[in-house]
Amino acid sequence: MLKLKLLPRKLRWIPYFILVLGICSAGLKMVERVDSKILSHLVFSILNIGLLLMFLTKRKLEDEMFIQIRLNNALGGLIFGVTYSFVNMVFVWLDWLDSYPTAEQNLFVVLLTTNLMFWFECYVNENKGNEE
Amino acid sequence: MKNNIKIERTKLGLTQQELADLLLVSRQTINSIETNRYIPSTVLALKLAKCLNLNVELLFFLEETD
């Protein structure tokens, strides 16, 4: 049976706390108008850790099908991230964008896409599961 | 791959939830297997066959396209 080490559900406050911390840091950076590259890297790194832990936290319903969905969506997120990175490179090459996104920003796109796809698929599955 | 799970489950008078509880999986998983949206692992397929008192070959079968 397909198994994956996941963060226990009782510890699900950890990713939420890290995400809130990241969002607050981003908000503070925007309000204070701090133009620091290191702070920008730090904000995205915090958000990435939060999103990764959220993706790897056990849901209320957890079995081999949800692990399979996780793996499929991780691959989907990776494909989207690579495409996004390539499209960005083309845009910079055509002078439509000023600079390349940083590694943290690219990773953020991958993790956000992966999480969104996973939540969407779980939502669809929960609704389809009502047929008896 | 197709399966007879819905027919065999109904014969035994089990609901999706009851079968899911017996197998320690979610009802969504049973629904996805019945509607061929998810192919279970060998372990889960064998557990399903055991729960429904059938051989796994009678529960799951290949299609022409497989």
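Given the structure is predicted, the values throughout are model-derived calculations rather than measurements. (Residues numbered from 1 in each chain as written. Chains lettered and ligands numbered in written order. Predicted model: local features only at pLDDT ≥ 70, side-chain atom pairs only at ≥ 80, totals over all residues. Heavy atoms only, no water.)

A. Examining the UniProt feature "transmembrane region" (unreviewed entry) in chain A more closely. Residue and element names in this part refer to chain A. This chain's UniProt record puts "transmembrane region" (unreviewed entry) on residues 12-32, 38-57, 69-94 and 106-124. End C-alpha to end C-alpha, residues 69-94 measures 37 Å, and it is 96% helix and 0% strand. Regarding residues 106-124, the helix share stands at 100% and the strand share at 0%, and the terminal C-alpha atoms are separated by 27 Å. (UniProt positions renumbered as here; feature names shortened; annotations may be inferred. Helix = DSSP H or I, 4+ residues; strand = E, 2+ residues; numbered from the N terminus.)

B. Layout of the interface of chain B and chain A. Counting residues at the interface gives 20 residues for chain B, matched by 14 residues for chain A. Buried area between chain B and chain A, both sides added, is near 1,400 Å², and the carbon and sulfur share of it is 48%. By the criterion of area lost to chain A, the three top residues of chain B are Arg27, Gln28 and Tyr38 of chain B, representing 37% of everything that side buries. In this assembly, chain B and chain A are joined by zero salt bridges. In this assembly, chain B and chain A are joined by six residue pairs in polar contact (both at pLDDT 80 or more). Listed by contribution, the elements that provide at least two residues to the side of chain B that touches chain A are helix 1 (5-11), helix 2 (16-23), helix 3 (27-34) and helix 4 (42-51) of chain B. If you tally residues by element for the side of chain B that touches chain A, the top one is helix 3 of chain B, at five residues. Split into classes, the residues belonging to the side of chain B that touches chain A amount to five nonpolar, 10 polar and five charged. (Contact = heavy atoms within 4.5 Å. Buried area = accessible area lost by both parts, 1.4 Å probe. Salt bridge = Lys/Arg side-chain N within 4 Å of Asp/Glu carboxyl O. Polar contact = N/O pair within 3.5 Å; in protein donor to acceptor, adjacent residues only side chain to side chain. Nonpolar A, V, L, I, M, F, W, Y, C, P; charged D, E, K, R; others polar.)

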